[in-house]
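Residue-level structure breakdown
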Amino acid sequence: MVTGNIFHCRKNSWPTEEYISKSTLQLFDLDSAAPPEQAWRRRLNSHANLLKEFRVTFTEAIKMVRLGIRMWSYVREEASHGRKAPIDPFTRESCKPSASQGVPLGGMGSGSISRGFRGEFRQWQIVPGVCEPSPVMANQFSIFVSRDGGNKSFASVLAPGQHEGLGSSRKADEQGISSWGWNLNGQHSTYHALFPRAWTVYDGEPDPELKISCRQISPFIPHNYRESSLPAAVFVYTLVNTGKERAKVSLLFTWANSIGGDSHLSGDHVNEPFIAEDGVSGVLLYHKTAKDNPPVTFSIAACETQNVSVSVLPCFGLSEGSSVTAKEMWSKMVKDGQFDRENFSSGPSMPSSPGETLCAAVSASAWVEPHGKCTVAFSLAWSSPKVKFVKGSTFHRRYTKFYGASDGAAVDLAHDALTYYKRWEEEIEKWQNPILKDESLPEWYKFTLFNELYFLVAGGTIWIDTPLLSSNMKNSQQDQVKESENAVVGITESHNHVDEKNYRDISHENGSANTLIKGNFTDTRYSSTMKNLQYDDDNDDAGRFLYLEGVEYVMWCTYDVHFYASFALLMLFPRIELNIQREFAQAVLCEDGRKVKFLAEGNWGIRKVFGAVPHDLGMHDPWHEMNAYNIHDTSKWKDLNPKFVLQVYRDFAATGDLQFGVDVWPAVRAAMEYMEQFDRDADGLIENDGFPDQTYDTWTVHGVSAYCGGLWLAALQAAAAMAIELGDRDFAETCKRKFLKAKPVFEQKLWNGSYFNYDSGSSGNSKSIQADQLAGQWYTSSSGLPSLFDDFKIKSSLQKVFDFNVMKVKGGRMGAVNGMHPSGKVDETCMQSREIWTGVTYGVAATMILAGMEEEAFKTAEGIFLAGWSEDGYGYWFQTPEAFTIDGHYRSLIYMRPLSIWGMQYALTLPKAVLEAPKINFMDRIHLSPVSGGFPHNEPGKILHIVPNPTL
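Summarised in this report is the structure supplied together with it. (Residues numbered from 1 in each chain as written. Predicted model: local features only at pLDDT ≥ 70, side-chain atom pairs only at ≥ 80, totals over all residues. Heavy atoms only, no water.)

Re the overall build of the chain
The helix and strand tally for the chain stands at 21 helices and 31 strands. Every one of the 952 residues in the chain was classed for burial, and the buried ones make up 65%. Pairs at least 24 residues apart make up 72% of the contacts formed inside the chain by residues separated by at least 6 positions. Taken as a whole, the chain presents about 33,300 Å² of accessible surface, with 49% of it coming from carbon and sulfur. (Helix = DSSP H or I, 4+ residues; strand = E, 2+ residues; numbered from the N terminus. Buried < 20%, exposed > 50% of the residue type's maximum accessible area, 1.4 Å probe, protein only. Contact = heavy atoms within 4.5 Å. Areas by Shrake-Rupley, 256 points an atom, 1.4 Å probe, with all protein chains shown as cover.)

Some thoughts on the pairing of strand β5 (residues 153-157)
Examined bridge by bridge, strand β4 (residues 140-147) and β5 share five bridges and lie antiparallel to one another. By the bridge assignment for β5, Ser-142 is matched with Val-157. The hairpin turn running from β4 into β5, its antiparallel successor, is five residues long, and Gly-149 in that turn takes a positive phi close to 100°. (Pairing = 2+ DSSP bridges.)

Let's talk about the packing of aromatic side chains
One pair of aromatic rings is described through two measures. These are the centre distance and the angle between the planes. Scanning the entire structure with this criterion turns up 73 aromatic pairs. With a centroid separation of 5.7 Å and 55° between ring planes, the pair formed by Trp-124 and Trp-255 is classed as tilted. Residue Trp-124 is located in strand β3 (residues 121-125), and its partner Trp-255 is located in strand β10 (residues 247-256); the two are separated by 131 residues in the primary sequence. In this structure Trp-124 comes out as buried when scored by relative accessible area, which is 1%. Measuring from ring centre to ring centre gives 6.1 Å for Phe-389 and Trp-556, while their planes differ by 80°; the resulting arrangement is edge-to-face. Of this pair, Phe-389 sits in the loop between β17 (386-388) and β18 (394-397) while Trp-556 is found in the loop between β22 (544-546) and α10 (559-572), placing the two residues 167 residues apart along the sequence. This pair shows no difference in class: Phe-389 is buried, exactly as Trp-556 is. For Arg-42, the ring lying beneath its charged end belongs to Trp-877, and the centroid distance is 4.3 Å. (Phe/Tyr/Trp six-rings, centres within 6.5 Å; stacked < 30°, edge-to-face > 60°. Lys NZ or Arg CZ within 6 Å of the ring centre and 35° of its normal.)

Observations concerning the environment of Leu-569
Here Leu-569 is to be found in helix α10. Expressed as a C-alpha distance, the spacing of Leu-569 and His-223, which sit 346 residues apart in the sequence, is 9.8 Å.

What about the side chain of Arg-891?
Structurally, the position occupied by Arg-891 is in strand β31 (residues 890-891). Within the local environment of Arg-891, its side chain forms a polar contact with the side chain of Glu-835, the two groups lying 2.8 Å apart. Excluding residues within four positions of it along the chain, Arg-891 makes contact with Phe-54, Tyr-553, Met-831, Gln-832, Glu-835, Trp-837, Pro-881, Glu-882 and Ala-883. (Polar contact = N/O pair within 3.5 Å; in protein donor to acceptor, adjacent residues only side chain to side chain.)

So, helix α16 (residues 775-782)
Counting buried positions along α16 yields eight of eight residues, so the element is predominantly enclosed. Of the positions making up α16, those classed as buried are Ala-775, Gly-776, Gln-777, Trp-778, Tyr-779, Thr-780, Ser-781 and Ser-782. Where α16 terminates, the next one or two residues include Gly-784, which has phi positive at roughly 75°.

Let's talk about the layout of surface pockets
What the second largest pocket holds in volume is close to 660 Å³. If you go around the second largest pocket, you meet 29 residues; those closest to its centre are Ala-34, Pro-35, Pro-36, Glu-37 and Gln-38. Elements that contribute at least two residues to the lining of the second largest pocket include exactly α1 (22-27), β7 (197-203), α6 (409-436) and α7 (443-451). Sorting elements by how many residues they give to the lining of the second largest pocket places α6 first, with four residues. When the residues that make up the lining of the second largest pocket are grouped by side-chain class, the tally is ten nonpolar, seven polar and twelve charged. (1 Å grid on protein atoms, 1.4 Å probe; cavity = no way out; pocket = protein on both sides within 12 Å on 5 of 7 lines; lining within 4 Å. Points joined across faces, edges and corners; volume = space filled by probe spheres on them. Nonpolar A, V, L, I, M, F, W, Y, C, P; charged D, E, K, R; others polar.)

Regarding empty space enclosed by the protein
In the structure shown here, the tally under the stated rule is ten cavities of 30 Å³ or more. Approximately 70 Å³ is the volume attributed to the largest cavity. What lines the largest cavity is a set of 14 residues, and nearest its centre among them are Gln-125, Pro-128, Gly-460, Thr-461 and Ile-462. A breakdown of the residues in the lining of the largest cavity according to their chemical character gives seven nonpolar, six polar and one charged.

Thoughts on the sheet that holds strand β14 (residues 308-317)
Two orientations exist for strands paired in a sheet by backbone hydrogen bonds: parallel and antiparallel. Spatially, the five strands line up as an open sheet ordered β5-β4-β10-β15-β14, and their pairing is antiparallel. The outermost strands of the open sheet, each flanked by one partner alone, are β5 and β14. Pairwise comparison of adjacent strand axes, ignoring direction, gives a mean angle of 15° for this sheet. Running at roughly 165° to β10, helix α4 (residues 326-336) makes contact with β4, β5, β10, β14 and β15 (358-368) of the sheet. (Axes fitted to C-alpha atoms, helices over the stretch in contact; angles between N-to-C directions.)

Written as structure tokens, this is what we have:
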């Protein structure tokens, strides 16, 4: 339970000295061995409480009973085909979520492994869309210490012995890992997290005269599109001997041939020792995956130096029948502190048998003189060069562009990680230090800002490299396409704003859907229609990037959520962000006529409608089979198209990339034109249709709504601005005319004197205070556009949200509840109205910053930190959920939307192009002709030629 506002007024929220003695910190004041001043911290003996999952009320359950029945049937149907449904509320993991997470390992998009704050390796996401949460407890670091004279010796796993992952039975004759020395108490050992690095400091544990710092480093480096894709991590141990005797210290790194779950028992796994260049040596673990998934090769390695010797044990097992058991391995280390040198020449092992666990070990030993220091470095790499989706599409991961796809890549990755990690750290510190040293920022915000980026590694990210095929490969690839699933796809020439020469036939193997344009026709051979855009940015197009909505909501690049999360990519990896927007621009201009049953109402529709922005890029066959979400027909949602226009314009304004604007402009026009059908009364405003037709997909909306209506107003401005800058003055004029017509209607229908009502209907929650009511204004201000409303209305609305949605919920220590009645009672109309959405809270805080309300902004966002990340909170660190309730029940852990904390940082440091936007209102520069009516549509077959405005 959250108790006390203990961080808001304290400048230094968690001083390092409260966790580590000053004398020990001084000893580590070398080569980044000491934890930073700003970091998330936890003692290793902290209890990892189980998390409480959300529960629907009886009333909510009654309302959703039909949906539940249809979803149950759908989940079973997908399972019968060997597929997982994108949302499955019925299946429960055997490993219950707990407050045990820490900084994940590796770069982006190559499969991820998380590491808990107590040292366990968990949350395995090597296979696309599959998350194995249970820790593999054989994967550990251990230490063995002996001193001259032989009077003192210590042997212990460097993880607390009371860990729940070990189970309750610890038999004396156990041959597995329970026979190891689990002697660490953890009382004097602490964990310090500042993504993408983490420090574990053992302050006299297990040897009182040996201080140990383990620094975990991963290559997450903004604007570095090569090393940020690498599946590798480094563990640098700094050893300081404070005793009077020389100490022999051996560090042990053990690893099971497993990708999580029960994969270690499937058999046919092989281990092999290796010796590489520059003193790097270790063991390769070849893992044969199930269900015909591509194989994975692990590499565990250490670097031999003048002071450090490395030895390996290529194979040991966890059961009595193993040639070398875990118990025998441990006894060998206790006795000798190293393995036999001849193990390096043992060659590949025999393939493991089904039911057998195959493990490997690397030992690094050194003598540490009295009052001396020593550094020992290990690396972990995993190479899974191919990504295979359930319905057959296969791609090469991004890192193979630089390392190839052979088994040897794992050795090169491990070697380069040990060779270049110091440079990684220099680049990471150069990126982080300006923020960490900014005394105007609250301490909790600084480290939470970086730590929320964990999702770009642990959010199921996939980063692929897909070079375009040459034209002479076209025919051979088309034969493969004809064998793919039949689909009804139609694009008429009248809808084609893009020159046909920009379309090509690309096979599934290379990541683009196939298309054939022949005027007005439908061809069932092709699963979808996409435009392949040429990229030329430093000779590297940055590949294609996918990330999940969440590990429980398995859909790639869910767009209504990306609206919030995209600030992180825009600021740190803008090429990726622009490519995602290009992908959605392509998707707008395609149609997929395959029939889909929508679960909320049981009605049928088509998978993808021309002009509609898709909810997501798919699940089992991304890019080719979009809209995995099938609860509602999202072609009728009112937020997706405006969000597309707003994101595109924000990115266009922030990057100044004119070619990007030209590329996506036809899709922007199509997206705006598509929305005209939802203006039922020709007042310029779109209306909601009495069902949850937006990102709050259980929260019904009637008539004009603050959320969707505000997004629409903002999109009209953004489209007009973009049209002017690209020379499409007719379209700019139309957008301005609609905006001038719609704005007074919006204010007349929703403004009540202090905030904008939830909607213009007559339901019991129509006058609710929605935390997210100014989402359109957020993007307007973020893009350098004129404010949608006068300052009084903006600040009054935000103040109302702060006073009610924030401060009336546990005194502001929880974030912003989505809905609040003007009486001060939480809106319990539905599950989502009573929830606190972490990403929405950060977004509201960003809007407050842009409105000059910084104090309220940080107080609002701090509630998420207190409830989720503080020691007295609910335990959501490195697994921030989509939502939680006032009584601390979460929904959907490890979720995309909380990346919107980077919207706050964006608001604090607006790009120069946005800050220097024209001071005069650009809308005043659009002169209206006497023509009236809706959006101008191109004549059939006519191509819109865009001429950039040279005066802007």
